[in-house]
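Descriptive analysis of the structure
What follows is the residue order along each chain.
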Amino acid sequence: MFRFTTGDRAPLYAAILRAFGDANERLVTALGLDDVRERLRGVGWFDALTDDDLVSALKQLSAWQLLDVVQNHAENYHTAEEYERRNLQYSLTRRGEAAFAGVQHALAVLAATGALQTAVLDAIADRVAELAALLGDAGSTDRRVFSTLQELEGHLDALRANTKQFNGELQRLLRADGTDLATFREVKAATVGYLQEFLTNLDQRAHAIASAIARVEARDDEREGRGGVEELWRRALRGAELPPTAGGDPAPAWLSLRRARWEGLRAWFLPADGSPARVEQLHHVARRAIVTLLQVLDRITESRRRSSSAAQDFRELARWFAAAPDEDGLHRLWSAAFGLGSARHAHLVPADPELTGASESWAAAPPVEVSALLRASGRTERFTRTGRVRDVAELKAARAERARAERAELEAAWSLLRTESPLRLSAFGTLDHGTFERLLDLLGRALAVAPDSTGARRAVTGDGRVEVVLRPPADGSQAVLRTARGQLTGPDYLIEVRTAGTRHPAPATGTEAAG
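These lines cover the structure that appears in this document, whether it is placed above or below. A quick note: this is a predicted structure, and the numbers were derived from the prediction, not measured. For every chain, the first residue of its written sequence is number 1, and the numbers climb from 1 along that sequence. Only residues with pLDDT of at least 70 are given local features in this predicted model, and only at 80 or more are side-chain atom pairs given and counted; all residues enter the totals for whole chains, interfaces and linings. Note: side-chain values were computed over all heavy atoms of the structure, leaving out hydrogens and water.

Overview of the side chain of Thr 461
Along the chain, Thr 461 turns up in the loop between strand S4 (457-460) and strand S5 (466-471). The residues contacting Thr 461, other than those within four sequence positions of it, are Trp 414, Leu 442, Arg 445 and Val 466. Helix and strand assignments come from DSSP, with helices taken as H or I runs of at least 4 residues and strands as E runs of at least 2, each series counted from the N terminus. Here, two residues are considered to be in contact whenever any of their heavy atoms come within 4.5 Å of each other.

What follows is the structure in structure tokens.
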């Protein structure tokens, strides 16, 4: 299929296929010899080309089953020469379209740059949440379900492609050794900042997508007994309006592809077999890359601090040895460079000096234990009484008590803030300062998340135990929260604080919730 990309005439073959691809974009499917020549100039081919060479190239592409040759019986020909030039018309075959698309895709991959985009994760969360809302809305159209599903699959493909390409570039960066240390250091420092920004709130985004997937799959069609995903595919199939084909019903193949795409979505955020989600693997890869890049940056910084490397020091020392005047100079240089001086353990004596005479040879005398510290510091060990071990039992008990108190205070705050049903922010009224700080933390987390299609903002605490759902007030009213240190005035949001995983019935209207 890709034989046209090799050989001496590969540029001509590629230009001809590009000319046909450009014509297809303009809904022109068949080209004659003169049309091909004209469109070759349009795609940038200006080299001299005879009719024989062009016909030979077209025949070769036809032999490779990339072009189809047909006779044009609808034209009127006035001369034999006109018949020869205009009778045969060429068009791309399915193999030709696939080959041209493959080359275009390869060039696009080479020119593209991978990225970790939090906006794609937010878009996936919004589309899945919108699908759950559309399945629950009896007035929603099948075309809207189909278009939303297509957008979701497009965002998922973008996430996979960008993540795979960015990971490849990241691994090449980790293995690279830059010649310009200044530029190399700037690139790696910027990459560390990029990864750290991506990891911010990654767990919350992944949790929001997984929760939305669970809501779609948990929805049942009571009228026809279908699960939420089956109902989603059934409605999307009606909205796709697939055309009839000669090969049979295209619906089974279309549904099979949708099932595979949905399984791919689950593999990223909510695996059915309980295995780690791919987004968690991405989190681990990013964290390991940050640690590795920081280590490389430390080594670069350390090397820039040194005036010379160890290898350069040994080369300079070798030059000194080569320039030494005599053997005595070599010994002196050796001793100065490597610290090999006279023995510093000659003053040591045996455990019982009376057993060994002063005139006895060292070779015949019993060995004397030499301290390892003599080589490093020039002194021996001094043994003294072991220091008293500190009793930390009281300190550990105090810390444990403080931890229990803090935990009890936190549980008390959550119990005060936890709501049985959605209520207005103004219902909290007056709070102690500690509970007020917990409430501000929940509000801050919720307001930092983009609203879904219904306008609600959802967030969880850092430990994943408490979930908050915030909806804007329908009447634009204001709430006043009072503490011993002052008061806070802001929009009177409709708020739910609950244990993560549980659900409260959604409020019917803003007026009923206010009442």
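Focus on the sheet that holds S4
By definition, two strands form a pair when at least two bridges between them are found by DSSP. One open sheet accounts for four strands, arranged S3-S8-S5-S4; its pairing is antiparallel. For this open sheet the edge positions go to strand S3 (423-424) and S4, each flanked by a neighbour on one side alone. Where S3 and strand S8 (residues 494-499) come together, two bridges link them in antiparallel fashion. Across the sheet, the residue bridging to Arg 424 is Leu 494, located in S8. For helices, the axis comes from a line fit to the C-alpha atoms of the stretch in contact; other axes are also lines fit to C-alpha atoms, and the angle between any two N-to-C directions lies between 0 and 180 degrees. Against the sheet, helix H17 (residues 433-447) engages S4, S5 and S8, with an angle of about 65 degrees to S5.

Some thoughts on empty space enclosed by the protein
Grid points spaced at 1 Å and placed over the protein atoms alone form the basis of the search, with a cavity being a set where a 1.4 Å probe fits but cannot get out and a pocket an open set showing protein on both sides within 12 Å along at least five of seven lines. Lining residues have an atom within 4 Å of a point. Grid points are joined across faces, edges and corners, and a volume is the space filled by probe spheres set on the points. Overall, the coordinates contain three cavities of 30 Å³ or more when judged by the stated rule. Estimates place the volume of the largest cavity at around 60 Å³. Around the largest cavity, the lining residues are Leu 149, Leu 152, Glu 153, Leu 156, Trp 233, Arg 258, Arg 261, Trp 262 and Leu 265. Secondary structure elements with two or more residues in the lining of the largest cavity: helix H7 (142-175) and helix H11 (251-269). Classes in brief: Ala, Val, Leu, Ile, Met, Phe, Trp, Tyr, Cys and Pro nonpolar; Asp, Glu, Lys and Arg charged; the others, Gly included, polar. Tallied by class, the residues present in the lining of the largest cavity amount to six nonpolar, no polar and three charged. A volume near 40 Å³ is recorded for the second largest cavity. Every residue lining the second largest cavity is listed: Leu 116, Thr 163, Phe 166, Asn 167, Leu 170, Leu 282, Val 285 and Ala 286. Elements with a minimum of two residues in the lining of the second largest cavity: H7 and helix H12 (278-305). Among the elements that take part in the lining of the second largest cavity, H7 stands out by supplying four residues, more than any other.

A few points about the pairing of S5
For every residue, the accessible area (1.4 Å probe, protein chains only) is compared with the maximum for its type, and the residue is labelled buried under 20%, exposed over 50%, or partly exposed between those bounds. Among the six residues that make up S5, six are buried, leaving the element largely enclosed by the rest of the structure. Both faces of S5 are covered, namely the face carrying Val 466, Val 468 and Leu 470 and the face carrying Glu 467, Val 469 and Arg 471. For S4 and S5, the ladder comprises four bridges, and the chain directions are antiparallel. Residue pairing across strands places Arg 458 opposite Val 469, the latter belonging to S5. Between the antiparallel neighbours S4 and S5 lie five residues, among them Gly 464 with a positive phi of about 75 degrees. With six bridges connecting them, S5 and S8 associate as antiparallel partners. Residue Val 469 lies in a different strand from S8, and its bridge partner there is Glu 496.

Some details on the pairing of strand S7 (residues 486-491)
Bridging between strand S6 (residues 478-483) and S7 involves six bridges; their strand directions are antiparallel. By the bridge assignment for S7, Gln 478 is matched with Pro 491. Hairpin remark: S6 followed by S7, antiparallel, with two residues in the connecting loop.

Some points on the environment of Asn 201
By the element assignment, Asn 201 lies in the loop between helix H8 (181-199) and helix H9 (202-218). Residue class for Asn 201 comes out partly exposed when judged on its relative accessible area of 37%.

A few points about the packing of helix H2 (residues 33-42) against helix H3 (residues 51-63)
Between H2 and H3, the least distance of the axes is 11 Å, while the angle of their chain directions is 95 degrees. The angle between the axes of H2 and H3 places the two elements in the roughly perpendicular class. Contacts between H2 and H3 involve Leu 33, Val 36, Arg 37 and Leu 40 on the former and, on the latter, Asp 51, Leu 54, Val 55 and Leu 58. Split by residue class, the contact of H2 with H3 holds six nonpolar, no polar and two charged. Orientation categories follow fixed angle ranges, with anything under 35 degrees roughly parallel, anything over 145 roughly antiparallel, 65 to 115 roughly perpendicular, and all other angles oblique.

A look at a nonpolar patch on the surface
On the surface, a cluster of nonpolar side chains totalling about 330 Å² of accessible area is made up of Phe 314, Trp 334 and Phe 338. Residue position: Phe 314 is located in helix H13 (residues 310-322). Think of a patch as exposed residues, more than 30% relative accessible area, with no salt bridge, where like charges cluster within 9 Å and nonpolar side chains (Val, Leu, Ile, Met, Phe, Trp, Tyr) cluster within 5 Å. Using a 1.4 Å probe, accessible areas were evaluated by the Shrake-Rupley method; residue-level cover was limited to the displayed protein chains. Salt bridge, as applied in this entry: a Lys or Arg side-chain nitrogen positioned within 4 Å of an Asp or Glu carboxyl oxygen.

Some thoughts on the nonpolar core
Proteins that are soluble and globular tend to have nonpolar side chains buried together. Among buried residues, those of type Ala, Val, Leu, Ile, Met, Phe, Trp, Tyr and Cys that are joined through side-chain atoms within 4.5 Å constitute a nonpolar core. Ranked by size, the top nonpolar core spans 45 residues in total, and within it Ile 124, Leu 195, Leu 232, Trp 262, Leu 265 and Phe 269 carry the most contacts. Put simply, the parts of the chain that give this core at least two residues each are helix H6 (118-136), H7, H8, H9, helix H10 (228-240), H11 and H12. Counting residues per element, this core draws most heavily on H6, at nine residues. Each residue touching Ile 124, except ones within four places of it in the same chain, is listed here: Leu 152, His 155, Leu 156, Leu 159, Ile 209, Leu 265 and Phe 269. Ranked by size, the runner-up nonpolar core spans 27 residues in total, among them Phe 4, Leu 33, Leu 49 and Trp 64.

Notes on H17
Residues spaced three or four apart along an α-helix point in a common direction, a consequence of the helix completing one turn every 3.6 residues. To estimate how far a helix should extend, the number of its residues minus one is multiplied by 1.5 Å. Along its 15 residues, H17 runs 21 Å from first to last C-alpha, staying within 8% of the 21 Å computed at 1.5 Å per residue. Within H17, the full set of buried residues consists of Thr 435, Phe 436, Leu 439, Leu 442, Leu 443 and Ala 446. For H17, the angular spread of the buried residues around the axis is 120 degrees, confining them to a single face. Those residues of H17 that are buried are in contact with helix H16 (393-417), S4, S5, S6, S7 and S8. To obtain the arc, one takes the directions from the helix axis to the C-beta atoms.

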